[in-house]
Amino acid sequence: MTTEMADPLAAMARHVGVDEVPWVPNRLFPGAELRLLQADVSRGVYVMAGRLPGDLEIGTHRHTGAVHMFTLAGAWKYHEHDYVNRAGSYLYEPPDSVHTLYVLPGDETTETLSVVYGETQYFDDEGAVVSVSNAATNLENYYLSCEQAGVPRPNGILI
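The structure contained in this document is the topic of the report that follows. (Residues numbered from 1 in each chain as written. Predicted model: local features only at pLDDT ≥ 70, side-chain atom pairs only at ≥ 80, totals over all residues. Heavy atoms only, no water.)

### Structural notes on the nonpolar core
- Counting residues in hydrophobic clusters, the biggest one holds 32 residues, and the most contacted among them are Leu36, Trp76, Leu101 and Tyr142.
- Mapped by element, the contributors of at least two residues to this core are strand E2 (33-40), strand E3 (45-52), strand E5 (67-73), strand E6 (75-78), strand E9 (98-103), strand E10 (110-117) and helix H1 (135-149).
- If we ignore the near neighbours within four places in the chain, the residues touching Leu36 are Val21, Tyr46, Val47, Met48, Asn138, Leu139, Tyr142 and Ile157. (Core = buried A, V, L, I, M, F, W, Y, C linked by side-chain atoms within 4.5 Å. Buried < 20%, exposed > 50% of the residue type's maximum accessible area, 1.4 Å probe, protein only. Helix = DSSP H or I, 4+ residues; strand = E, 2+ residues; numbered from the N terminus. Contact = heavy atoms within 4.5 Å.)

This is how it looks when you write it as structure tokens:
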């Protein structure tokens, strides 16, 4: 096994400090906040932290790629399943899974960390796709959310 690499910078570990990427109100989901930690548009993957208020519902959607979601605080579930994701839970969503995220009511903010591959397609009540998000659109949303909050664009996002 060789230890030489064609591009040593490509395999370097990279770090995002807690103060490098601020929490901002999520303009798409009122009452929620987000931190976009990574947006790799060329590979179609993004990493996002979310703070979600109780009773928030994020419409029915499908992921075209896998999703890894960690619940750090609070509790949420999918309307389509009985289990509840609580602090310490890990959820794997395979490609093409369809669900409706619902944050349980209560005073505690639910905090999540998600690694999302591919696109997320949001549906209307008739099952038609009404919007699509991915690494590029989430980067754009984060920048617009920063702008609306009066926060300068951070340089800490891993792009």
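Continuing now.
### Some remarks on the pattern of salt bridges
- Enumeration over the complete set of coordinates arrives at three salt bridges.
- The shortest N-O distance in the salt bridge between Arg43 and Asp40 comes to 3.2 Å.
- With a closest N to O distance of 4.0 Å, Glu111 and Arg51 form a salt bridge. Taken together, the residues span a long stretch of sequence, with Glu111 in strand E10 and Arg51 in strand E3 at a distance of 60 residues.
- Glu111 gets classed as partly exposed once you look at its relative accessible area, which sits at 24%.
- The class for Arg51 is partly exposed, based on a relative accessible area of 26%. (Salt bridge = Lys/Arg side-chain N within 4 Å of Asp/Glu carboxyl O.)

### Side note on the pairing of strand E12 (residues 129-133)
- With four bridges joining them, strand E11 (residues 120-123) and E12 adopt antiparallel strand pairing. Residue pairing for E12: Thr120 is matched across the bridge by Ser133.
- Joining the antiparallel neighbours E11 and E12 is a turn of five residues, in which Gly127 adopts a positive phi near 90°. (Pairing = 2+ DSSP bridges.)

### Considerations on unusual backbone geometry
- Residues other than glycine seldom take positive phi values, yet Asp55 does so here, at roughly 75°.
- Within the secondary structure, Asp55 is located in the loop between E3 and strand E4 (57-63).
- Positioned with a positive phi, Asp96 is a non-glycine residue whose angle comes to about 75°.
- Here Asp96 is to be found in the loop between strand E8 (90-93) and E9.
- Using a relative accessible area of 53% as the deciding quantity, one classes Asp96 as exposed.

### Considerations on the packing of aromatic side chains
- Enumeration over the complete set of coordinates arrives at two aromatic pairs.
- Each ring, one from Phe70 and one from Tyr90, has its centre 5.1 Å from the other, and the planes form 40°; the classification is tilted. With Phe70 in strand E5 and Tyr90 in strand E8, this pair connects stretches of sequence that are 20 residues apart.
- On the basis of relative accessible area, Phe70 is assigned to the partly exposed category, the value being 32%.
- Given the relative accessible area of 43%, Tyr90 is considered partly exposed.
- Centre to centre, the rings of Trp76 and Tyr78 are 5.0 Å apart; their planes meet at 75°, and the pair counts as edge-to-face.
- Residue Trp76 is classed as buried on the basis of its relative accessible area of 0%.
- The ring of Trp23 carries the charged tip of Arg51 above its face, separated from the ring centre by 3.9 Å.
- When the ring centre of Tyr143 is taken as reference, the NZ or CZ atom of Arg153 above it lies at 3.8 Å. (Phe/Tyr/Trp six-rings, centres within 6.5 Å; stacked < 30°, edge-to-face > 60°. Lys NZ or Arg CZ within 6 Å of the ring centre and 35° of its normal.)

### Observations regarding the sheet that holds E5
- Taken in spatial order, the six strands make up an open sheet running E1-E2-E3-E10-E5-E8, and their pairing is antiparallel. With one partner strand each, in any of the chains shown, strand E1 (24-25) and E8 form the two edges of the open sheet.
- Of the strands in this sheet, E1, E2 and E3 touch H1, which is tilted by about 140° from E2. (Axes fitted to C-alpha atoms, helices over the stretch in contact; angles between N-to-C directions.)

### Observations concerning the sheet that holds E4
- Read from one edge of the open sheet, six strands run E7-E6-E9-E4-E11-E12, paired in antiparallel fashion. Only two strands of the sheet have a single partner each, and these edge strands are strand E7 (84-86) and E12. If you compare each strand with its neighbour and ignore which way they point, the axes differ by 30° on average.
- With three bridges connecting them, E4 and E11 associate as antiparallel partners. Opposite Arg62, over in E11, you have Gln121 as the bridge partner.

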